[in-house]
Amino acid sequence: MNRNTPSISDFHAALTVSESGTFRAASEALGMSASALSRQIAALEARLGTRLFDRDTRNVTPTTSGLAFARLAERMINTSMDVMAEFDAHLSASNGRLTIAGLPSVTAGLLASFTLAHPDIDLRIIDALSGSVVETIETGRADIGFTAGTMSARMRLTFHPLMDDPFVAVGAPQGPLSEDRAYDLAELVDMPLIAMEPGTSVRELLDGACQRLDRVISPRFEVAHLATAGALVAVNLGITLLPTLTLPVLPMGRLVQRPISDFGAKRRIGIVHQPGRSLSPTASAFLAHVRRNVSTA
């Protein structure tokens, strides 16, 4: 850096002297002594190699160079104020950019409420299943992610558990779940079943619950998308077993949900990010928002 480059303090001092007309008035505005201000201006003039002010016993008059420097000083000060305001907004998470990878069944509601609270944050959403969320975070494509936490995910990433998401049975009102009661898992797997495809966190938990009963499911349909499962259930082609956070994706106005008395497992929902890397202010604000939202849910 060129040692002759004025500091922000120099710009403030020169502009204030130019506007005040005396060292005494300028020093009072700057909160320093008149002698200290005079020395600072003299040192600035020496570094710049030009006189900025003509002085007499009472007044200080800017030279042509002084007027030019004052105009530049005003621009520099305004720019520095804009820069710091932008940085303060970054620190307060009032604006910025945040990329989130997440389970489609979890992100929608939380993202909507976060956007209302932080309308100037630019959100980029990567819809992904749990395995893809882990990969997306590890490769740096996203800042933070929602996942159904597995042991492998917790080993490779920092995992913040948020909630346990219990399973329920969902069906058409006049279908196999027409009775308003809790159902055993054994009787549910004997019904026409619409299941998520293997490899999803929902299917892994369903298969695990059935294995504890020494049962193996034989789905009537296997689907990749929750909306597809909801559409098939709505036309009474079968029932489905899903975590409760997935239900807003389904047309629940035309469906019924029933508790499962002995499912056992719950889907553990959490947020993941790279270990050893500080979260950005926007990511920290999002994590805090999610924790508040979950705690009041």
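As shown above, the structure is provided for reference.
Residues numbered from 1 in each chain as written. Predicted model: local features only at pLDDT ≥ 70, side-chain atom pairs only at ≥ 80, totals over all residues. Heavy atoms only, no water.

## Describing the packing of aromatic side chains
Working step 1: For the structure shown, the criterion picks out four aromatic pairs.
Working step 2: An angle of 15° between the planes, with centres 5.2 Å apart, marks the rings of Phe-11 and Phe-69 as stacked. In this pair, Phe-11 sits in helix 1 (residues 8–20) while Phe-69 sits in helix 4 (residues 64–91), placing the two residues 58 residues apart along the sequence. Exposure class is identical for Phe-11 and Phe-69. Each is buried.
Working step 3: Seen in terms of ring centroids, Phe-146 and Phe-286 are 5.8 Å apart; in terms of plane orientation they differ by 80°. Their pairing is edge-to-face. Taken as a pair, Phe-146 in strand 5 (residues 144–148) and Phe-286 in helix 11 (residues 281–296) lie far apart in primary sequence, 140 residues in all. (Phe/Tyr/Trp six-rings, centres within 6.5 Å; stacked < 30°, edge-to-face > 60°. Helix = DSSP H or I, 4+ residues; strand = E, 2+ residues; numbered from the N terminus. Buried < 20%, exposed > 50% of the residue type's maximum accessible area, 1.4 Å probe, protein only.)

## Regarding the side chain of Arg-203
Working step 1: On the secondary structure map, Arg-203 appears in helix 9 (residues 201–212).
Working step 2: According to the relative accessible area criterion, Arg-203 is buried, its value standing at 7%.
Working step 3: Side chain to side chain, Arg-203 and Glu-222 meet in a polar contact 2.9 Å long.
Working step 4: Beyond its immediate chain neighbours, meaning those up to four positions away, Arg-203 contacts Ala-195, Met-196, Glu-197, Pro-198, Ile-217, Pro-219 and Glu-222. (Polar contact = N/O pair within 3.5 Å; in protein donor to acceptor, adjacent residues only side chain to side chain. Contact = heavy atoms within 4.5 Å.)

## A short note on the nonpolar core
Working step 1: In terms of nonpolar packing, the biggest core is built from 35 residues, with Leu-177, Leu-185, Leu-188, Leu-206, Leu-241, Ile-260 and Phe-263 touching the most fellow members.
Working step 2: Considering every element that reaches this core, the biggest residue donor is helix 10 (residues 226–234), with five residues.
Working step 3: Setting aside residues no more than four positions away along its own chain, Leu-188 makes contact with Ala-169, Leu-177, Tyr-183, Ile-239, Leu-241 and Ile-260.
Working step 4: Counting 18 residues, the second largest nonpolar core, distinct from the first, contains Leu-98, Phe-114, Ile-271 and Ala-285. (Core = buried A, V, L, I, M, F, W, Y, C linked by side-chain atoms within 4.5 Å.)

## Considering the environment of Thr-282
Working step 1: With respect to the helices and strands, Thr-282 occurs in helix 11.
Working step 2: On a C-alpha basis, the gap between Thr-282 and Ile-121 in space is 7.7 Å, while along the polypeptide they are 161 residues apart.
Working step 3: Reaching out from Thr-282, the side chain makes a polar contact with the side chain of Ser-280 at a distance of 3.0 Å.

By themselves, these observations are geometric and do not establish any function.
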